[in-house]
Amino acid sequence: ASVEDAASDPDALFALRKLKLTDADAVETFHDLWGVFAHEKAELLQAVRAAERTIVLSGDVHFSAEHITTPDGSGFVEWTSTSITSPNLDDKMGWPRGAESRDYEAALLKVLPDLQWCDLDSHGFMVVEAGPQSASCQWWFVDTVLERSDVEFRAATFQVPRGRAEVVPVMDPLLAGRSEPLSR
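Residues numbered from 1 in each chain as written. Predicted model: local features only at pLDDT ≥ 70, side-chain atom pairs only at ≥ 80, totals over all residues. Heavy atoms only, no water.

Draft legend 1. Molecular detail of the overall build of the protein. A tally of helices and strands in the protein yields 4 helices and 8 strands. Each helix and strand of the protein, placed in order from N terminus to C terminus, yields the pattern α-α-β-β-β-α-α-β-β-β-β-β. Per-residue burial for the protein yields a buried fraction of 39% across its 184 residues. Of the roughly 10,400 Å² of accessible surface on the protein, a fraction of 52% belongs to carbon and sulfur atoms. (Helix = DSSP H or I, 4+ residues; strand = E, 2+ residues; numbered from the N terminus. Buried < 20%, exposed > 50% of the residue type's maximum accessible area, 1.4 Å probe, protein only. Areas by Shrake-Rupley, 256 points an atom, 1.4 Å probe, with all protein chains shown as cover.)

Draft legend 2. Spatial organisation of the pattern of salt bridges. Across all of its chains, the model carries 2 salt bridges by this definition. A salt bridge links R102 to D119, with the shortest nitrogen-to-oxygen separation between them at 3.8 Å. Of this pair, R102 sits in helix α4 (residues 101–111) while D119 sits in strand β4 (residues 115–119), and the two are 17 residues apart along the sequence. Taken together, the salt bridges that share partners define one network made up of R102, E105 and D119. (Salt bridge = Lys/Arg side-chain N within 4 Å of Asp/Glu carboxyl O.)

Draft legend 3. The arrangement of the sheet that holds strand β5 (residues 123–130) in detail. Pairing is antiparallel across the open sheet formed by 4 strands, whose spatial order is β5-β6-β7-β8. The sheet terminates laterally at β5 and β8 (168–169), the two strands that pair on one side only. (Pairing = 2+ DSSP bridges.)

Draft legend 4. Fine view of the nonpolar core. A15, L89, L108, L115 and L120 are the most contacted members of the largest nonpolar core, which totals 15 residues. If you list the elements that add at least two residues to this core, you get α1 (10–18), α4 and β4. L108 has contacts with A12, A15, L16, L115 and L120, leaving out every residue within four places of it along the chain. If you look at the next biggest cluster of nonpolar residues, it comprises 14 residues, including V77, W117, F141 and A156. (Core = buried A, V, L, I, M, F, W, Y, C linked by side-chain atoms within 4.5 Å. Contact = heavy atoms within 4.5 Å.)

Draft legend 5. Inspection of the environment of P10 at higher detail. Mapped onto the elements, P10 comes out in helix α1. Residue class for P10 comes out exposed when judged on its relative accessible area of 63%. For the pair P10 and Y104, spaced 94 residues apart in sequence, the C-alpha to C-alpha distance is 9.2 Å.

Draft legend 6. Region of the structure containing the packing of α1 against α4. Put simply, α1 and α4 touch, their axes get as near as 8 Å, and they point 105° apart. One finds that α1 runs roughly perpendicular with respect to α4. Listed contacts from α4 to D11, A12, F14, A15 and L16 of α1 are Y104, A107, L108 and V111. (Axes fitted to C-alpha atoms, helices over the stretch in contact; angles between N-to-C directions. Parallel < 35°, antiparallel > 145°, perpendicular 65-115°, else oblique.)

Draft legend 7. α4, seen in detail. All of the buried residues in α4 are S101, Y104, E105, A107, L108 and V111. The buried residues of α4 all sit within an arc of 160° when viewed along its axis, so they share a single face. Exposed positions of α4 whose direction lies more than 90 degrees from the buried face are D103 and K110. Where α4 is buried, its residues touch α1, α3 (89–93) and β4. (Arc of directions from axis to C-beta.)

Draft legend 8. Structural context of the side chain of S136. Here S136 lies in strand β6 (residues 134–142). Apart from the residues within four sequence positions on either side, S136 is in contact with W79, V127, V128, E129, F158 and Q159.

Draft legend 9. Spotlight on the packing of aromatic side chains. The final tally for this structure, using the stated rule, is 7 aromatic pairs. With 4.9 Å between their ring centres and 50° between their planes, W117 and W139 make a pair best called tilted. Highlighted residues: W117 in strand β4 and W139 in strand β6, separated in sequence by 22 residues. Each member of the pair, W117 as well as W139, carries the same accessibility label: buried. Geometrically, the ring pair formed by W117 and F141 is stacked, given 6.4 Å between the ring centres and 15° between the ring planes. Of the two residues, W117 sits in strand β4 while F141 sits in strand β6, which places them 24 residues apart along the sequence. Overall, the relative accessible area of 16% leaves W117 in the buried class. What links up through ring pairs into an aromatic cluster is the set W79, W117, W139, F141, F153 and F158. (Phe/Tyr/Trp six-rings, centres within 6.5 Å; stacked < 30°, edge-to-face > 60°.)

In structure tokens:
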């Protein structure tokens with residue numbers, strides 16, 4: 001599945017356009033996606049195929065995501081960090097965080113099967129741990145970027161066992177059933 005595949009779902013296409021992952025007036029992908037970096041993409045995929053395990057860390061795209069990319073049958077995991085202060089979908093639309101965007105997140109998850117999890121609204125950071133048997137990523141979000149706050153909460157954790165492009169969600173008993181952020 002690709003960004004072009006998402007054009008079949010109006011909610012997914014709306015989110016992609018607002019996040020500048022596709023041109024506003026076209027279905028084609030935005031100019032800074034892989035489509036215009038064919039040589040660099042080929043080199044990266046060659047290195048991925050030669051490695052036992054590859055995890056790509058990315059960011060500066062105004063949303064958080066976890067997905068497995070499988071171009072040419074060579075799977076790798078990509079963990080994407082949200083912006084810290086730049087506007088995300090809720091900011092751009094003037095919506096409360098976690099309200100209107102949930103339908104758009106669901107649409108993206110539906111039409112992009114490699115996407116395992118995403119958050120289009122929150123601001124924060126990732127904590128990545130890598131060891132000989134596994135690697136894991138935690139997405140931590142803050143409650144506001146407009147003023148000082150000591151409120152942060154872990155939104156998701158995923159783990160990749162050694163030698164496999166398989167992602168396992170890690171359930172945190174402290175977060176189970178909570179809809180409010182945890183405060184330090």
